[in-house]
Amino acid sequence: RGRPGQKALFYPDNHKLEAVWTVIPAIGISVMVIYGVTIWTHINDPAHAEGPDVINLEIVGEQFQWRLRYPGQDKQLGKHEFRLISAENPVGVDTKDGKAMDDVVPIAKEIHLPVGAKVNLNIRAKDVLHGVYMPQFRVNLYAVPGAPANFAFKPTKTTAEMRKETGNPNFNYELACSQLCGSAHWNMRAIIIVESQEEYNKWLAEQPTIASIMMPSPPALGEDAQASAVRP
């Protein structure tokens, strides 16, 4: 404190102290960055999308819903092209690609996954920034227009097991949008059902495919044609 005849110590710098509080944070930050990059590289490894047991699920965000596409019997997603997006082709599937026509496009706002399977999310957006947020699976990745992204994970417990474990009969895994994407942002929600492989196969077989949705309907019969069609 100030006293008559007492002067403050002039202490301009201390090289040892500067070195200590620079080196220690640098080491800590380096460890976190290297560890984080290692984990991130593992999650985004292209090898996650390979193999007969991998489910390459496409999630497309748009205002204000999620559109899903599962691979069909060939276990491969067909190509897509944003220039092909239309009212009849909302995710821009390339129908000239032979791998695309058996792709499955569920109608209900539900995501079904078999327990224990490796899931590779193929994430993209049609209009604005969306956030693919699956809190129970520690998944949170932006869906950015023009910048497809991937995220791999493996569900280890079924929905039924989690309901029993939590004691909550209404428990559900969920997908939500973690970005405020517009006035109906609240509608960007889907239930995720993790079930046995048999239940998943049964559900998948009941869903429409690209071929069944985009195949043109037969022309309507005229009156004369209808009359001739019912004559013996």
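Below: a short report on this structure. Predicted model, so just to flag it, every value in this text is computed and none were measured. (Residues numbered from 1 in each chain as written. Predicted model: local features only at pLDDT ≥ 70, side-chain atom pairs only at ≥ 80, totals over all residues. Heavy atoms only, no water.)

Let's talk about the pattern of salt bridges
- Taken as a whole, this structure holds nine salt bridges when the rule is applied.
- Between Lys-126 and Glu-62 there is a salt bridge whose closest N-O contact spans 3.0 Å. Taken together, the residues Lys-126 in the loop between β4 (119–125) and β5 (130–134) and Glu-62 in strand β1 (residues 55–62) connect sequence positions 64 residues apart.
- On the basis of relative accessibility, which here comes to 8%, the residue Glu-62 falls in the buried class.
- Taking the shortest distance from any N to any O, the salt bridge between Arg-69 and Asp-103 comes out at 2.6 Å. (Salt bridge = Lys/Arg side-chain N within 4 Å of Asp/Glu carboxyl O. Helix = DSSP H or I, 4+ residues; strand = E, 2+ residues; numbered from the N terminus. Buried < 20%, exposed > 50% of the residue type's maximum accessible area, 1.4 Å probe, protein only.)

Side note on the packing of aromatic side chains
- What the rule picks out here adds up to six aromatic pairs.
- Measuring from ring centre to ring centre gives 6.3 Å for Tyr-70 and Tyr-200, while their planes differ by 50 degrees; the resulting arrangement is tilted. Of this pair, Tyr-70 sits in the loop between β2 (65–69) and β3 (110–114) while Tyr-200 sits in helix α3 (residues 197–205), and the two are 130 residues apart along the sequence. The residues Tyr-70 and Tyr-200 share a single accessibility class, namely buried.
- Site record: aromatic cluster; members linked through ring pairs are Phe-137, Phe-153, Phe-171 and Tyr-173. (Phe/Tyr/Trp six-rings, centres within 6.5 Å; stacked < 30°, edge-to-face > 60°.)

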